[in-house]
Each structure stands twice: as C-alpha cells, then as structure tokens.
Amino acid sequence: MNSPYGPFVRARYAGARVDRRRRRGAVLSIELLVVLPILLVMLLAIVEFGFLWSANHRVHAASQMACRIATLPARDLDELQAEVRAATSRVLQRSALVAQHEVVLDFPTAPPGSAGLTTGYSGEPVVAVVRVPMKAAAPDLLRMFGFGLAGRQLVGSTVMRKE
C-alpha cells in the first residue's frame, strides 16, 4: 500500500519502531543490572543456609550420641571421654567438623571413695554439649555482604538421665 505522503513517511515510522525496540532493550538491561545482584545474594544465602542446616543436624545428633554414651553405667572417665570423642567423630563425618569439634560432658561426680563411680549416680542428669565453628561447617559465601560466619558456632546440647 502506498502512503499518501510518500515513501519517506514510511521510512520515518520504521525508524521509530527500531528506536522503540532499542529503548526497550536498554530498559531490560538496566532492570537486569538491578535485579541480578539481589538474585545472586539470595542464591548464595540459600546455599549457605543449606550447609549450615545439615551441619546443625549433625551437631545435634553428635550431642545425642555423646550423651547416650555418657549415661551408660560406670566407666573410667578417660575411657568415657575417648569413646565419646570417637562416637561424635563418626556422627559428624566431615573432616572439617571432626577436626574442630569440641565436646563437653557435665555430670555430677560421685563423692570420694565411691568404688570407681567417677561419672555420677544412676538417675542423675548428664549434659552433653557439642560445639563446631560455623566456618568449618559452611563456606563463608556472604562475608562480602556483611554476613560473615567468623566467631559463630553451631551448638548442640542434650540432657539425659544416667542409667
């Protein structure tokens, strides 16, 4: 179809269409530049949270295992601590967690002269606490955004009665 104004007008409108497309592409690029860092931070947070969630589950399972071993009938204290350390290492599994974990057992000690009962009487509470630095549990992905893991710990605590 011919325009009543001639071929020059058609060419002018065609150029306007191309210009609108260029502007639309520029707007989409700016939107991408604004949204992409936010999506990247959210992705890194989800990954780091997953690592910490998994490690926290292992730390709590290790504290339960340590407490269960500590509630068993009378043992030598050094033997008990070695057995608890070995059991928590098996539960934690990852080498970074095993190398840096700390186990604290708290139970009332028997009075002096009580024939080898160094770990308390039957029915008394036993508390096992396992601590692992968060940096050993997860990569510090959000440090550059001000959410570092330095100086923070995952702590699992369990209380059971001595058998």
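Before any of the text, the structure's been laid out above.
Described in the following lines is the structure provided in the data block. (Residues numbered from 1 in each chain as written. Predicted model: local features only at pLDDT ≥ 70, side-chain atom pairs only at ≥ 80, totals over all residues. Heavy atoms only, no water.)

Focus on the nonpolar core
Turning to step 1, where the next piece is worked out: Among the nonpolar cores identified, the biggest contains 15 residues, and Leu52, Val59, Leu92, Leu97, Val132, Ala137 and Leu154 are the most heavily contacted of them.
Turning to step 2, where the next piece is worked out: For this core, the secondary-structure elements that each account for two or more residues are α1 (7-70), α2 (77-92), β2 (125-133) and α4 (134-137).
Turning to step 3, where the next piece is worked out: By residue number, the principal contributor to this core is α1, which donates four residues.
Turning to step 4, where the next piece is worked out: Residues contacting Ala137, with those up to four places away along its chain left out, are Phe51, Leu52, Ala55, Arg94, Leu97 and Leu154.
Turning to step 5, where the next piece is worked out: Listed in part, the ten residues of the second largest apolar core include Cys67, Ile69, Leu80 and Ala87. (Core = buried A, V, L, I, M, F, W, Y, C linked by side-chain atoms within 4.5 Å. Buried < 20%, exposed > 50% of the residue type's maximum accessible area, 1.4 Å probe, protein only. Helix = DSSP H or I, 4+ residues; strand = E, 2+ residues; numbered from the N terminus. Contact = heavy atoms within 4.5 Å.)

A short note on the environment of Asn56
Turning to step 1, where the next piece is worked out: Position of Asn56 among the secondary structure elements: in helix α1.
Turning to step 2, where the next piece is worked out: Take Asn56: its relative accessible area is 28%, and that puts it in the partly exposed class.
Turning to step 3, where the next piece is worked out: In this structure Asn56 touches Leu154 and Val155, once residues within four positions along its chain are discounted.

Section: the packing of aromatic side chains
Turning to step 1, where the next piece is worked out: Evaluated as defined, the whole model comprises one aromatic pair.
Turning to step 2, where the next piece is worked out: Ring centres of Phe49 and Trp53 lie 5.5 Å apart, and the angle between their planes is 50°; this geometry places the pair in the tilted category. With Phe49 and Trp53 both in helix α1, this residue pair falls four residues apart, about one helical turn. Trp53 carries the same exposure label as Phe49, and that label is exposed. (Phe/Tyr/Trp six-rings, centres within 6.5 Å; stacked < 30°, edge-to-face > 60°.)

Structural notes on the pattern of salt bridges
Turning to step 1, where the next piece is worked out: Counting across every chain of the model gives three salt bridges.
Turning to step 2, where the next piece is worked out: Between Arg68 and Glu163 there is a salt bridge whose closest N-O contact spans 2.5 Å. Residue Arg68 is located in helix α1, and its partner Glu163 is located in the segment after β3 (153-161); the two are separated by 95 residues in the primary sequence.
Turning to step 3, where the next piece is worked out: Relative accessible area serves as the criterion here: at 38%, Arg68 is assigned to the partly exposed category.
Turning to step 4, where the next piece is worked out: The closest approach of N and O atoms between Asp140 and Lys135, which form a salt bridge, is 3.8 Å.
Turning to step 5, where the next piece is worked out: The class for Lys135 is partly exposed, based on a relative accessible area of 48%. (Salt bridge = Lys/Arg side-chain N within 4 Å of Asp/Glu carboxyl O.)

A look at the environment of Arg161
Turning to step 1, where the next piece is worked out: Inspection of the secondary structure assignment puts Arg161 in strand β3.
Turning to step 2, where the next piece is worked out: Given the relative accessible area of 56%, Arg161 is considered exposed.
Turning to step 3, where the next piece is worked out: Ignoring sequence-local partners within four residues, the contact set of Arg161 consists of Thr71, Gly123, Glu124 and Pro125.
Turning to step 4, where the next piece is worked out: Looking at Arg161, its side chain comes within polar contact range of the main-chain oxygen of Gly123, at 3.0 Å. (Polar contact = N/O pair within 3.5 Å; in protein donor to acceptor, adjacent residues only side chain to side chain.)

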